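Examining the three-dimensional arrangement
The primary structure of each chain is shown beneath.
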Amino acid sequence: MAQRLTAYETLVMPDYGGFDLYDADCDAHDDDSLIPRARAQVAAGNGYEILVICAQSRIRVRLQIETWTAQPPLPDEWEGHCDLRMEFPTGQLVISERTRGAWETTVPTGDHHARLSYRGRETVGRAASSAVLPAELAPYEGTEEYLLQLWPMA
């Protein structure tokens, strides 16, 4: 039975409409093939980087990261998910807001299955497209959510 090892939560500004996740040693690889795939399915990865495309770029989104001993059950009440994989040689997962900043959190080293679930995209996307003033979006901060679940490759 899968057991959760760690949980981390933060708010991320989707600079230029998204954010990137990668190991500190791998750095983003400028993989242009990720952009169209992520636009089509919310997120895409190449084993070294996960590119997440958000529904908007005006307010921060909630990002939760969990590590597990084995494949966890699909989380309830999420709109969808993408199945990916990630390699973590250093165990330092970088969360990059692209031009705004980046920071790290610790995850187990090695190759991992990665599931990115999402919700709140439609609600926040509609609000962002109709809002004129930034204050109109303040109540929606963190409503667009992403959950990254990581567990070891067999």
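Use the structure listed above.
The rules we used
Residues numbered from 1 in each chain as written. Predicted model: local features only at pLDDT ≥ 70, side-chain atom pairs only at ≥ 80, totals over all residues. Heavy atoms only, no water. Helix = DSSP H or I, 4+ residues; strand = E, 2+ residues; numbered from the N terminus. Buried < 20%, exposed > 50% of the residue type's maximum accessible area, 1.4 Å probe, protein only. Contact = heavy atoms within 4.5 Å. Pairing = 2+ DSSP bridges. Core = buried A, V, L, I, M, F, W, Y, C linked by side-chain atoms within 4.5 Å. Polar contact = N/O pair within 3.5 Å; in protein donor to acceptor, adjacent residues only side chain to side chain.

Looking now at the overall build of the protein chain. From N to C terminus, the protein chain includes 2 helices and 10 strands. Overall, the protein chain shows an N-to-C arrangement of helices and strands of β-β-α-β-β-β-β-β-β-β-α-β. Projected onto its principal axes, the C-alpha positions of the protein chain cover 50 × 35 × 25 Å. Expressed as a percentage of the 154 residues in the protein chain, the buried residues total 48%. Considering only contacts within the protein chain whose residues lie at least 6 apart along the sequence, 80% involve residues at least 24 apart.

Note on strand geometry: in a regular strand, side chains alternate between the two faces of the sheet. Where burial is concerned, most of strand 10 (residues 145-152) is hidden: 7 out of the 8 residues are buried. Relative to strand 10, strand 5 (residues 61-68) runs parallel, the two being bridged by 6 bridges. Residue E66 lies in a different strand from strand 10, and its bridge partner there is Q149. Where strand 9 (residues 110-119) meets strand 10, 8 bridges bridge the pair, whose relative direction is antiparallel. Note that in strand 10 the partner of H112 across the bridge is P152.

Most often, soluble globular proteins have nonpolar side chains that are buried together. The biggest cluster of nonpolar side chains holds 24 residues, and the ones touching the most others in it are F19, L21, I50, V52, L63, Y146 and L148. Only strand 2 (18-23), strand 4 (49-53), strand 5, strand 6 (80-88), strand 7 (92-96), strand 9 and strand 10 provide two or more residues apiece to this core. In terms of residue count, strand 6 provides more of this core than any other element does, 4 residues in total. Setting aside its immediate chain neighbours within four residues, I50 contacts F19, D20, L21, A43, A44, G45, L84, M86, A114 and L148.

Along the polypeptide, E145 turns up in strand 10. Taking relative accessible area as the criterion, E145 reaches 14% and is therefore assigned buried. Within the structure, the side chain of E145 is placed 3.3 Å from the side chain of Q64, a separation counted as a polar contact. Those residues in contact with E145 that lie beyond four places of it in its chain are R62, Q64, W78, S117, Y118 and R119.

This part is about the side chain of E144. Within the fold, E144 resides in the loop between helix 2 (121-130) and strand 10. Classification of E144 by relative accessible area gives buried; the value is 1%. At a separation of 3.0 Å, a polar atom in the side chain of E144 contacts the side chain of Q56. Within the local environment of E144, its side chain forms a polar contact with the side chain of Y146, the two groups lying 2.4 Å apart.

Interpretation note: all reported values are geometric properties and have no functional meaning in isolation.
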